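Structural characterization, general
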Amino acid sequence: MFETENIPHKTIGRIAAIVFIALAVAYGIGGSAIDYSFASDPLGPRVFPVALSVVLGVLGVLYLIRPGTSEGFPSGRLLLRVLAVPAVLVVCVALFEPAGFAISIFLLTLAVAMLFGAPLKWAVAGGIGHAILWWFVFDWLLEVYLPVGLIFG
Amino acid sequence: MNMEYLWQGFGVALTMQNLLIGLAGCFIGTLVGALPAIGPINGIALLLPIAYSMGLPPESTMILLAAIYCGAEYGGRISSILLNVPGDAGAVMTALDGYPMARQGRAGEALTLSGLASFAGGMIGATGLALFAPVLAGLAIGFGPAEYFVLMVFAFATLGSMVGSNPVKTLIGCVLGLMLATVGLDATSGAYRFTFDEPELSDGIEFVVLVIGLFSISEALLILEHQGRGVTVIRKLGRMMVRMSDVTKSTGTALRSACIGFVVGVLPGTGASVSSAIAYTTAKRISDTEGTFGKGDVRGLAAPEASNNATACGAFVPMLTLGVPGSGTTAVMLGALMLYNIQPGPMLLTERPEIVGGLVASLFVGNFLLLLLNLPLVNIFARILTVPNWLLVPGILVLSIIGVYSTHASVFSIFLMLGIGFVGWLLRKAGFDMAPIILGFVLGRVMEVNLRNALAISGGDPSILFESDISRILWGLAVLVAVFPLVLSWRARRRNVRMTAE
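Residues numbered from 1 in each chain as written. Chains lettered and ligands numbered in written order. Predicted model: local features only at pLDDT ≥ 70, side-chain atom pairs only at ≥ 80, totals over all residues. Heavy atoms only, no water.

Identification of chain B as Tripartite tricarboxylate transporter TctA from Paenirhodobacter enshiensis is taken from an unreviewed UniProt entry.

1. A few points about the overall build of chain B
Spelled out, the test is: Elements are defined by DSSP. Helices are runs of H or I of four residues or more, strands are runs of E of two residues or more, and each kind is numbered from the N terminus. Three labels apply to residues, based on accessible area from a 1.4 Å probe with only protein chains included: buried if under 20% of the type maximum, exposed if over 50%, partly exposed otherwise in between. We get accessible surface area from the Shrake-Rupley algorithm with a probe of 1.4 Å; when it comes to residues, only the shown protein chains can shield them.
When helices and strands are counted, chain B shows 21 helices and two strands. By principal-axis analysis of the C-alpha atoms, chain B measures approximately 70 × 60 × 50 Å. Put simply, chain B has 502 residues, and 64% of those count as buried. Surface exposure of chain B reaches about 18200 Å², of which carbon and sulfur atoms provide 66%.

2. Quick notes on the overall build of chain A
Note the cut-off: Restricting the calculation to C-alpha atoms gives the radius of gyration, and the globule rule supplies 2.2 Å times the number of residues raised to the power 0.38. Any two residues having at least one pair of non-hydrogen atoms within 4.5 Å are treated as being in contact.
Tallying secondary structure elements over chain A gives five helices and zero strands in all. The N-to-C order of helical and strand elements in chain A reads α-α-α-α-α. Taken against the 2.2 N^0.38 rule, which gives 15 Å for 153 residues, the C-alpha radius of gyration of chain A at 24 Å runs more than 25% over that of a compact globule. Residues classed as buried in chain A amount to 40% of the 153 residues present. The long-range share in chain A, meaning contacts at least 24 apart out of those at least 6 apart in sequence, stands at 60%. Element-wise, carbon and sulfur atoms account for 72% of the exposed surface of chain A, whose accessible area totals about 8400 Å².

3. Considering the nonpolar core
Counted only if it meets this: In these notes, a set of buried Ala, Val, Leu, Ile, Met, Phe, Trp, Tyr and Cys residues joined through side-chain atoms within 4.5 Å is what counts as a nonpolar core. Domain start and stop positions are those given by an automatic or database domain assignment.
Core analysis: the biggest nonpolar cluster contains 188 residues, and Phe316 and Ile438 of chain B have the highest contact counts within it. Of all the elements, helix α9 (residues 207-226) of chain B adds the most residues to this core, at 14 residues. Composition of this core by domain shows at least three residues from each of domain 1 (9-65) and domain 2 (76-141) of chain A. Filtering out sequence-adjacent residues up to four positions away, isoleucine 438 of chain B remains in contact with Phe207, Leu210, Val211, Leu214, Phe215, Ala331 and Val332 of chain B.

4. A closer look at the domain arrangement of chain A
Structurally, chain A comprises domain 1 (9-65) and domain 2 (76-141). Each of domain 1 of chain A and domain 2 of chain A has a C-alpha centre, and the two are 38 Å apart.

5. A look at helix α1 (residues 9-32) of chain A
Worth spelling out the cut-off: Given the number of residues in a helix, its expected span is that number minus one, multiplied by 1.5 Å.
End to end, α1 of chain A covers 35 Å across 24 residues, agreeing with the expected 34 Å (1.5 Å per residue, within 8%). Every buried residue belonging to α1 of chain A is among Ile12, Gly13, Ala16, Ala17, Phe20, Ala24, Tyr27, Gly28 and Gly31 of chain A, and all of these are buried. In this structure, the buried residues of α1 of chain A make contact with α2 (47-65) of chain A together with α8 (167-181) and α19 (411-429) of chain B.

6. With respect to the packing of α9 of chain B against α19 of chain B
Residues and elements named next belong to chain B. The condition is simple: Here, axes are lines fitted to C-alpha atoms. For helices the fit covers the stretch in contact, and angles between N-to-C directions go from 0 to 180 degrees. For classification, angles of less than 35 degrees are called roughly parallel, those exceeding 145 degrees roughly antiparallel, those between 65 and 115 degrees roughly perpendicular, and all remaining angles oblique. Rotating anticlockwise by less than a right angle from the far helix to the near helix defines a left-handed crossing, while the corresponding clockwise rotation defines a right-handed one. We call Asp, Glu, Lys and Arg charged. Ala, Val, Leu, Ile, Met, Phe, Trp, Tyr, Cys and Pro are nonpolar, and the rest, Gly among them, are polar.
Between α9 and α19, the shortest axis-to-axis distance is 7 Å and the interhelical angle comes to 55°. Considering their axes alone, α9 and α19 lie oblique with respect to each other. Crossing handedness for the pair α9 and α19: right-handed. Along its contact with α9, which presents Val209, Leu210, Ile212, Gly213, Leu214, Phe215, Ile217, Ser218, Glu219, Leu221, Leu222 and Glu225, the element α19 presents Ser413, Leu416, Met417, Leu418, Ile420, Gly421, Phe422, Gly424, Trp425, Arg428 and Lys429. The residue inventory of the contact of α9 with α19, partitioned by class, reads 14 nonpolar, five polar and four charged.

7. Considerations on the pattern of salt bridges
All names here are of chain B. Note the following rule: Any carboxyl oxygen of Asp or Glu that lies within 4 Å of a side-chain nitrogen of Lys or Arg is treated as forming a salt bridge with it.
Tallied over the full model, the rule gives 14 salt bridges over all chains. Note that glutamate 225 and lysine 429 form a salt bridge whose closest N and O atoms lie 2.2 Å from each other. Highlighted residues: glutamate 225 in helix α9 and lysine 429 in helix α19, separated in sequence by 204 residues. Accessibility expressed as a relative area gives 8% for glutamate 225, which makes it buried. By relative accessible area, lysine 429 is classed as buried at 0%. Ionic pairing is found between glutamate 354 and arginine 352, a salt bridge with its closest N-O pair at 2.9 Å. Since its relative accessible area comes to 18%, glutamate 354 is described here as buried.

8. Re helix α14 (residues 328-339) of chain B
Residues and elements named next belong to chain B. Its twelve residues place the ends of α14 17 Å apart at the C-alpha level, agreeing with the 16 Å of an ideal helix rising 1.5 Å per residue. Regarding α14, the residues found buried are Gly328, Thr329, Thr330, Ala331, Val332, Met333, Leu334, Gly335, Ala336, Leu337 and Leu339. In the segment just after α14, asparagine 341 is the residue with positive phi, at about 60°.

9. A short note on the environment of leucine 185 of chain B
All names here are of chain B. Note on placement: leucine 185 falls in strand β1 (residues 184-185). Separated by 304 residues in the primary sequence, leucine 185 and serine 489 place their C-alpha atoms 43 Å from one another. Those residues within four positions of leucine 185 in sequence are excluded, and the remaining contacts are Gly190, Ala191, Tyr192, Ser202 and Arg445.

10. Some points on the packing of aromatic side chains
Filter applied, for reference: Pairing of aromatic rings covers Phe, Tyr and Trp, the last counted by its six-membered ring, and requires centre-to-centre distances within 6.5 Å; plane angles under 30 degrees mean stacked, over 60 mean edge-to-face, and any other angle means tilted. A ring is scored as having a charge over it whenever the NZ atom of a lysine or the CZ atom of an arginine sits within 6 Å of its centre and within 35 degrees of its normal.
As enumerated under the stated definition, the model contains 24 aromatic pairs over all chains in all. Seen in terms of ring centroids, tyrosine 63 of chain A and phenylalanine 432 of chain B are 5.6 Å apart; in terms of plane orientation they differ by 85°. Their pairing is edge-to-face. Placement of the pair is tyrosine 63 of chain A in helix α2 and phenylalanine 432 of chain B in the loop between α19 and α20 (435-458), with the two residues belonging to separate chains. Residue phenylalanine 432 of chain B is classed as buried on the basis of its relative accessible area, which comes to 6%. The interplanar angle of 45° and the centroid separation of 5.6 Å between the aromatic rings of phenylalanine 101 of chain A and tryptophan 135 of chain A together place this pair among those described as tilted. One end of the pair, phenylalanine 101 of chain A, is in helix α4 (residues 101-115); the other, tryptophan 135 of chain A, is in helix α5 (residues 120-141), and 34 residues separate them in sequence. Through pairs of rings, three or more aromatic residues link up here, namely Phe96, Phe101, Trp135 and Tyr145 of chain A together with Tyr405 of chain B. Over the ring of phenylalanine 432 of chain B we find lysine 169 of chain B; its NZ or CZ atom is 5.7 Å from the centre of that ring.

11. Comments concerning the interface of chain B and chain A
Think of interface size as the accessible area that goes away when the parts come together; that is how it is often given. Going by this rule: Buried area adds together the accessible area that both of two parts lose upon being put together, with accessible area traced by a 1.4 Å probe. Within 3.5 Å is the distance limit for a polar contact, defined as a pair of N or O atoms, with the added protein rule that one can donate a hydrogen and the other accept it, and that residues adjacent in sequence qualify only through two side-chain atoms.
In this complex, chain B contributes 63 residues to the contact, which on the side of chain A involves 65 residues. Each partner contributes to the roughly 5500 Å² buried at the junction of chain B and chain A, and carbon and sulfur atoms together form 81% of this total. At the junction of chain B with chain A, the criterion picks out one salt bridge. Here aspartate 41 of chain A and arginine 452 of chain B are joined by a salt bridge, their closest N and O atoms 2.7 Å apart. Here chain B and chain A share six residue pairs in polar contact (both at pLDDT 80 or more) between them. Broken down by element, the residue count for the side of chain B that touches chain A peaks at 13 residues, all from helix α18 (residues 389-408) of chain B. When its residues are assigned to classes, the side of chain B that touches chain A shows 42 nonpolar, 14 polar and seven charged.

12. Let's talk about unusual backbone geometry
All names here are of chain B. Residue phenylalanine 194 is not a glycine yet carries a positive backbone phi of 50°. Turning to its location among the elements, phenylalanine 194 is positioned in the loop between β2 (192-193) and α9. Positive phi outside glycine occurs at aspartate 197, with the angle close to 55°. Counting through the fold element by element, aspartate 197 comes out in the loop between β2 and α9.

13. Let's talk about the side chain of lysine 169 of chain B
Tracing the chain through its elements places lysine 169 of chain B in helix α8. Exposure remark for lysine 169 of chain B: the relative accessible area of 6% places this residue in the buried category. Among all residues touching lysine 169 of chain B, those that are not within four sequence positions of it are Tyr63, Pro67 and Thr69 of chain A together with Ala430, Gly431 and Phe432 of chain B.

Written out as structure tokens, the structure reads:
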């Protein structure tokens, strides 16, 4: 059998299992180093986290032994497009307060629409529509506070 | 049995404001259920912060969220039947007989019949909830911290053995949720745990941030990835009236499936996807004498629809009476109550009867509203299925951002949500379910606090966890549900080996 994906499915499971084991170790160390000045109960704040780290470690080892199957990651251009969405989100959220709701939401909806394959013209129209619709619904109808931005503010 | 809470609840649910809120919830829920991209959890996660920041009282928020939940169970059938793509997890089985019916030109009939089955399931589920909730709450009043801790262990055991294909993955999800719940200030000792000296984390990870990140953001990435898998909408609905013979034929199946659905819903952690699968296979085993299931049999359509609606109601039983959610969606609703600083448990019914009663009563009212919405307006919902993803997904993202910002007004929370969403996507790609994480998170603090209180009572002696009859029964049940599937799969494997040997 040939693998159709770029990473074999069992490998994904194994990598995930190793990440969980590492997380269990780090969390356990972090948990056993929690500072506290007074203990009002016999268990204290450390025991529960340390117990969780042991459970996660055991489950991680079980998972490593039998990684099972998983859906697998996309490859090539599709992977890039999928990863571009969080990148766009990070940029637009960073702009959220300085540039204001309207601009950042317009850019966000425009860019994501294009990543979903919308033609530029429609994506622009969609972006303007989203910016106006959600501003109307939240700021005007529901009176939820949204940042106006330095330009308009 | 004291049913007074229910009459008081009707008083709450039938006020003009709550009726309108319920109607809006039913409409949004059907919409959310019908759209294959978003399920009930996404719908609730997106609307919860908005309801909260609008200043709705807790009972109105609960009515809104419950209406969305039940509406989504109704709406899920629309895309199952017309697109062969389930609108939400509970509607996977509906497509098996619903889509073939639609292909035979009987889409309208299938929609009406499944609407009626949903109604039957919803009403039976709501009745069961109304009767069963006071009984269970009464039993649970004697629970001390030790019993509570064991109850949580039992909840995770059921979750591990019944949800998802791989119990190890489900349990890892639960532990991740429990770990996330430990972040922040520890109230008993005053210690800051896992906050990395970040002041915004000192109150812990906000519930809304986690839920929206895990569900909405990761979902948006998955939709993009799966785009282009061709689907064809069946546009010709045909006649909407159902044949009387079909109704009588499927009544028995629907009633039985509703009961199955309710019981599965009551079990902690198991939701509509499990119950509709059990209901469908049971109906098939009992009624499929002519081999018509999977080819457009009305009973195969009624079974999962009746059951998933009953499950939605049943899932409220443990949530309202024990504080342990019966499904992923009720876990989110439990988190919603916690936003209002209300800790659900056996005392909720006596202390806040307007919340419990209002919610239960709104389920009865909501089922009528949903039937009215879903029969004549099904055409409108069917048309909404054709909204393109490039318009829909940016909307989901905008709502996610506004939702988080409206509860915290901090950009840090939004970044945290994005990070959680990205990790959620990675986890989903590795075959993890998100619901166990939410359950673990919601139960995490309660579980730890009860364990610590129990040991504080006993002065550190762990035998208190096995002392009472209730805890011993719960430990027994936990072991039973954990071992039962192992025995089943061992027997199945042995049978397979024997069959191949012959």
